[in-house]
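Residue-level listing of the chains:
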Amino acid sequence: DGGITQSPKYLFRKEGQNVTLSCEQNLNHDAMYWYRQDPGQGLRLIYYSQIVNDFQKGDIAEGYSVSREKKESFPLTVTSAQKNPTAFYLCASSILATNEQFFGPGTRLTVL
Amino acid sequence: AQSVTQLGSHVSVSEGALVLLRCNYSSSVPPYLFWYVQYPNQGLQLLLKYTTGATLVKGINGFEAEFKKSETSFHLTKPAAHMSDAAEYFCAAGRGGYQKVTFGIGTKLQVIP
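Conventions we followed
Residues numbered from 1 in each chain as written. Chains lettered and ligands numbered in written order. Predicted model: local features only at pLDDT ≥ 70, side-chain atom pairs only at ≥ 80, totals over all residues. Heavy atoms only, no water. Helix = DSSP H or I, 4+ residues; strand = E, 2+ residues; numbered from the N terminus. Buried < 20%, exposed > 50% of the residue type's maximum accessible area, 1.4 Å probe, protein only. Contact = heavy atoms within 4.5 Å. Areas by Shrake-Rupley, 256 points an atom, 1.4 Å probe, with all protein chains shown as cover. Lys, Arg positive; Asp, Glu negative; His and termini not counted. Charge placed at Lys NZ, Arg CZ, Asp CG, Glu CD. Rg over C-alpha atoms; globule rule 2.2 N^0.38 Å. Pairing = 2+ DSSP bridges. Core = buried A, V, L, I, M, F, W, Y, C linked by side-chain atoms within 4.5 Å. Polar contact = N/O pair within 3.5 Å; in protein donor to acceptor, adjacent residues only side chain to side chain.

### Digging into the overall build of chain B
Here comes step 1: The number of helices and strands found in chain B is 0 helices and 11 strands.
Here comes step 2: Going from N to C terminus, chain B has its helices and strands arranged as β-β-β-β-β-β-β-β-β-β-β.
Here comes step 3: Dimensions along the principal axes, computed over C-alpha positions, put chain B at roughly 40 × 30 × 20 Å.
Here comes step 4: With 113 residues in all, chain B has 43% of them scored as buried.
Here comes step 5: Put simply, of all contacts in chain B between residues at least 6 apart along the chain, 56% involve residues at least 24 apart.
Here comes step 6: When the accessible area of chain B is evaluated, it comes to approximately 5,400 Å², of which 53% is carbon and sulfur surface.
Here comes step 7: For chain B, the distance from the average position of its 9 positive side-chain charges to the average position of its 6 negative side-chain charges is 10 Å.

### Looking at the overall build of chain A
Here comes step 1: What chain A contains, in helices and strands, is 0 helices and 11 strands.
Here comes step 2: The helix and strand sequence of chain A, counted from the amino end, reads β-β-β-β-β-β-β-β-β-β-β.
Here comes step 3: The globule rule puts the C-alpha radius of gyration for 112 residues at 13 Å, and the 13 Å found for chain A is close to it.
Here comes step 4: Over its C-alpha atoms, taken along the principal directions, chain A stretches across nearly 40 × 25 × 25 Å.
Here comes step 5: For chain A, buried positions account for 51% of its 112 residues.
Here comes step 6: On chain A, roughly 5,300 Å² of surface is accessible, and the fraction owed to carbon and sulfur atoms is 49%.

### Some details on the pairing of strand β4 (residues 31–37) of chain A
Residue and element names in this part refer to chain A.
Here comes step 1: In terms of burial, β4 is largely enclosed, as 7 of its 7 residues are buried.
Here comes step 2: The two faces of β4 match: A31, Y33, Y35 and Q37 on one face and M32, W34 and R36 on the other face are all buried.
Here comes step 3: Judged from the 6 bridges that link them, β4 and strand β5 (residues 43–51) form a sheet pairing that is antiparallel. Bridge pairing links R36 to R44 in β5.
Here comes step 4: Counting the residues between successive antiparallel strands, the hairpin from β4 to β5 contains 5 residues, one of them, G40, with a positive phi of roughly 75°.

### Here we look at the nonpolar core
Here comes step 1: Counting 26 residues, the largest nonpolar core has B:W35, B:L48, B:L76 and B:Y89 as its most contacted members.
Here comes step 2: Every element with two or more residues in this core is listed here: β2 (10–14), β3 (19–26), β4 (32–38), β5 (44–50), β7 (64–68), β8 (73–78), β9 (87–94) and β11 (107–112) of chain B.
Here comes step 3: Aside from chain neighbours lying at most four places away, what touches B:L48 is B:L33, B:F34, B:W35, B:V57, B:K58, B:G59, B:F63, B:E64, B:A65, B:F74 and B:L76.
Here comes step 4: Ranked by size, the runner-up nonpolar core spans 20 residues in total, among them A:V19, A:C23, A:Y47 and A:L76.

### Some words on the environment of A:Q25
Residue and element names in this part refer to chain A.
Here comes step 1: Residue placement: Q25 occurs in strand β3 (residues 19–25).
Here comes step 2: Residue Q25 is classed as buried on the basis of its relative accessible area, which comes to 3%.
Here comes step 3: Q25 sits 67 residues away from A92 along the chain, and the two C-alpha atoms are 8.6 Å apart.
Here comes step 4: The residues touching Q25, leaving out its near neighbours within four places in the chain, are G3, I4, M32, R68, K71, E72 and S93.
Here comes step 5: Side-chain polar atoms of Q25 contact the backbone nitrogen of N28, separated by 3.2 Å.

Nothing here speaks to function; it is geometry throughout.
Written out as structure tokens, the structure reads:
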């Protein structure tokens, strides 16, 4: 079955540590996205990539980094510079024609 | 910049009652419009979408939405709420191509037995 996988589902890290969240898709979509979700704030775009080896900052990119070395993969690193990293992170990919987004199951990151 | 407004961050309905979740977009050019549903600790799932053609769009789980250009609205409805409809619903707008999608803030639907 085609879809998007995110791992792990739950992640715990100590303050000051970098952590990388995985996102893989087998839908053959060109575009991929990372969103952060906090209670009452909807989805906020962190980074997005429309093509391999290229990506753009979203609305809240500070403290995050990404790479897009393969079409199928778009990992997100939450760095120690991110002031409040505890949140639910969602990865998505989309059809360029309509921007219809397909979401992964999410990763809940808790920084202790 | 495009914006999407969802009126009511929390909506409560009785089981069997009509569900109406409101969404308005701001754009001089009608965008592509989407409704997504999210259950706790899960990703978003597409309920329905409007791209072109018929303005009344039917989706999964008995939901439908009507695109009204004159009102810049895309409200989501379901004739009779079921307990399993309790979730958070997001309206979104996009333009296709290399444009970002804009999401509304979300509406949490509570279904009362």
